[in-house]
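# Survey of secondary and tertiary structure
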Amino acid sequence: MKKLLFTLMTVSVFVLSACGDSSSEEIDTIVFADAGWDSINVHNYIAAQILEEGYGYDTDITSGSTAATVQGLGDGDINVYMEVWTDNIRDIYEELTEAGDIETLSVNFDDNDQGLYVPAYVVEGDPERGIDPLAPDLKTVEDLKNYPEVFEDPEDPEKGRIINAPSGWAVEEAINEKFDFYELEEEFNNFSPGSDSAIITDLARAYEAGEGWVGYYWSPTAITAKYDLILLEEEPYDEEVWEETKGTEFPPNDVVISVHKDFPEQAPEVVEFLEQYETSSALTEDALEYMEDSGASTQEAAIWWMQEHEDVWTEWIPEDIAEDVLASLE
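Residues numbered from 1 in each chain as written. Predicted model: local features only at pLDDT ≥ 70, side-chain atom pairs only at ≥ 80, totals over all residues. Heavy atoms only, no water.

Right, let's get into the pattern of salt bridges. Enumeration over the complete set of coordinates arrives at twelve salt bridges. In this structure, Asp153 and Arg161 form a salt bridge, with 2.9 Å as the shortest nitrogen-oxygen distance. You'll find Asp153 and Arg161 in the same group, each marked buried. Of the charged contacts, one joins Glu234 and Lys178 as a salt bridge, the two residues approaching to 2.6 Å between their closest N and O atoms. You can see Glu234 sitting in the loop between β11 (229–231) and α8 (239–245) and its partner Lys178 sitting in helix α5 (residues 171–181), a full 56 residues away along the chain. Residue Glu234 is classed as buried on the basis of its relative accessible area, which comes to 16%. (Salt bridge = Lys/Arg side-chain N within 4 Å of Asp/Glu carboxyl O. Buried < 20%, exposed > 50% of the residue type's maximum accessible area, 1.4 Å probe, protein only. Helix = DSSP H or I, 4+ residues; strand = E, 2+ residues; numbered from the N terminus.)

Here it is, written out as structure tokens:
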């Protein structure tokens, strides 16, 4: 695969690529969005391998926060977004869709979860490791108020610590609102990590030590595949309550593939391919678990995934194109 170039993007400043205009002319380089998590980049690289080796396009990636990359898609600086978590960014997603600035081509996967997780041994114990249950009656987010000492904040031992999503992620504000709804501020500090990797590092440290840990995460990820985690319960999703207080479980998320409005005219054959692109949380997690176990990069994991799941992706494209892509994987 040709080397994908990474361009840093902030909320206010975009570095435009050669294909970053919004004209309907044919393009040579297709720009993907990287909003900061591994699974989106695995899908970026799977699609890029197919586009480069099967269709003859160059590819590029623009990195930034969720807000910046979604706006970049709407503006035409980004062509393809492989993982739009629609209900996490419902307002802007619906606004851009209704305005005709973006088009959704397919559902990448829709069998996902997100929310506040704890290691299973916190509730159930782990006899093999000699760990007794730390919070045996912990089932819901509301129950956290009974166990702040289990999740002690090392910088403020009088309170517990809940790990939020990284700053700039769309779900960060939802967790903030949940914090208020469940009135957790008296017992817990709302800790903002610097990155996804910071969450993983903190969880891995606590897990290996058998200590209490609670924080935001989602599936499919390598972490939810590797560790035995429990998603804390909330009331079933209710749209009205969610919009007012975030006091329910997260809404069901269709994780979709969306493109800029001009892209169907710029690359109609690519749109036909992306309309067929469909995976699942389990399939995505395969690549992420391979990354975790082998130390592979997202690009290496994408190639491995394509070798392991030839029967899946070859159904998305014409036979002659599939043969060219298969030859590139040898």
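On to the packing of helix α11 (residues 281–294) against helix α12 (residues 298–308). For the pair α11 and α12, the least separation of the axes is 9 Å and the interaxial angle reads 125 degrees. Overall, the two elements α11 and α12 adopt an arrangement that is oblique. By crossing handedness, the relation of α11 to α12 is classed as right-handed. Packed against α11, whose contacting residues are Leu283, Asp286, Ala287, Tyr290 and Met291, the element α12 presents Thr298, Glu300, Ala301, Trp304 and Trp305 at the interface. Looking at the contact of α11 with α12, its residues break down into seven nonpolar, one polar and two charged. (Axes fitted to C-alpha atoms, helices over the stretch in contact; angles between N-to-C directions. Parallel < 35°, antiparallel > 145°, perpendicular 65-115°, else oblique. Left-handed = near helix turned anticlockwise from the far one by under 90°. Contact = heavy atoms within 4.5 Å. Nonpolar A, V, L, I, M, F, W, Y, C, P; charged D, E, K, R; others polar.)

Here Phe181 lies in helix α5. Between the C-alpha atoms of Phe181 and Glu142, which are 39 residues apart in sequence, the distance is 9.5 Å. Non-local contacts of Phe181, meaning those with residues more than four positions away in its chain, are made with Thr245 and Gly247.

Here Asp91 shows up in helix α3 (residues 90–98). Look at Asp91 and you get exposed, because its relative accessible area is 60%. On a C-alpha basis, the gap between Asp91 and Tyr207 in space is 36 Å, while along the polypeptide they are 116 residues apart.

Once that is clear, we can look at unusual backbone geometry. Between Ser219 and Pro220 the backbone carries a cis peptide bond, its omega angle lying at 15 degrees. Considering the arrangement of structural elements, one finds Pro220 in the loop between β10 (215–219) and α7 (222–226). Not every positive phi belongs to a glycine, and Glu183 is a case in point at roughly 55 degrees. Looking at the element boundaries, Glu183 is found in the loop between α5 and β9 (188–191). Its identity as a non-glycine residue notwithstanding, Lys246 has a phi of 65 degrees, on the positive side. Mapped onto the fold, Lys246 is located in the loop between α8 and β12 (255–260). Given a relative accessible area of 12%, Lys246 falls into the buried group.

Once that is clear, we can look at the packing of helix α1 (residues 38–55) against helix α14 (residues 319–328). Between α1 and α14, the least distance of the axes is 8 Å, while the angle of their chain directions is 110 degrees. With respect to α14, the element α1 is oriented roughly perpendicular. When α1 is examined against α14, the residues Gln49, Ile50, Glu53, Gly54 and Tyr55 are found in contact with a partner set consisting of Ile321, Asp324, Val325 and Ser328. When its residues are assigned to classes, the contact of α1 with α14 shows four nonpolar, three polar and two charged.

The next thing to look at is helix α2 (residues 66–75). Most of α2 sits inside the fold, with seven of its ten residues counted as buried. The complete set of buried residues in α2 reads Thr66, Ala68, Thr69, Val70, Gly72, Leu73 and Gly74. Contacts from the buried residues of α2 go to β2 (29–34), β3 (58–63), β4 (80–85), α3, β5 (102–109) and β12. Phi turns positive, to about 95 degrees, at Gly76, one or two residues after α2.

To continue, consider the nonpolar core. Membership of the largest hydrophobic core comes to 58 residues, with the highest contact counts inside it found for Leu116, Leu138, Leu144 and Phe151. Judged by nonpolar contacts, the second largest core, of 43 residues, contains Tyr55, Ile61, Tyr277 and Trp305. (Core = buried A, V, L, I, M, F, W, Y, C linked by side-chain atoms within 4.5 Å.)

Bringing the side chain of Asp153 into the picture now. Mapping Asp153 onto the fold places it in strand β7 (residues 152–153). You can call Asp153 buried: its relative accessible area is 4%. Within polar-contact distance, the side chain of Asp153 engages the side chain of Asn189 at 2.9 Å. Ignoring any residue separated from it by four or fewer positions in sequence, one finds Asp153 in contact with Lys159, Gly160, Arg161 and Asn189. (Polar contact = N/O pair within 3.5 Å; in protein donor to acceptor, adjacent residues only side chain to side chain.)

Turning our attention to the confidence of the model for the chain. With 93% of its residues at a pLDDT of 70 or more, the chain has an overall mean of 90. In the model of the chain, strand β1 (residues 5–8) stands out as the element of lowest mean pLDDT, 36, in contrast to helix α4 (residues 120–124), which has the highest, 98. Contacts for the low-pLDDT stretch residues 1–22, under 50 throughout, to residues beyond four places or in other chains number 61 contacts. (pLDDT = per-residue confidence, 0-100.)

Within β12, six of the six residues are buried, which leaves the element mostly enclosed by the surrounding structure. In this sheet, β12 lies alongside β4 in antiparallel orientation, the contact comprising four bridges. The residue bridging Val84 from the neighbouring strand is Val256, located in β12. Bridge analysis of β5 against β12 gives six bridges, and the strand direction is antiparallel. Bridging across to β12, Glu103 finds its partner in Val259. (Pairing = 2+ DSSP bridges.)

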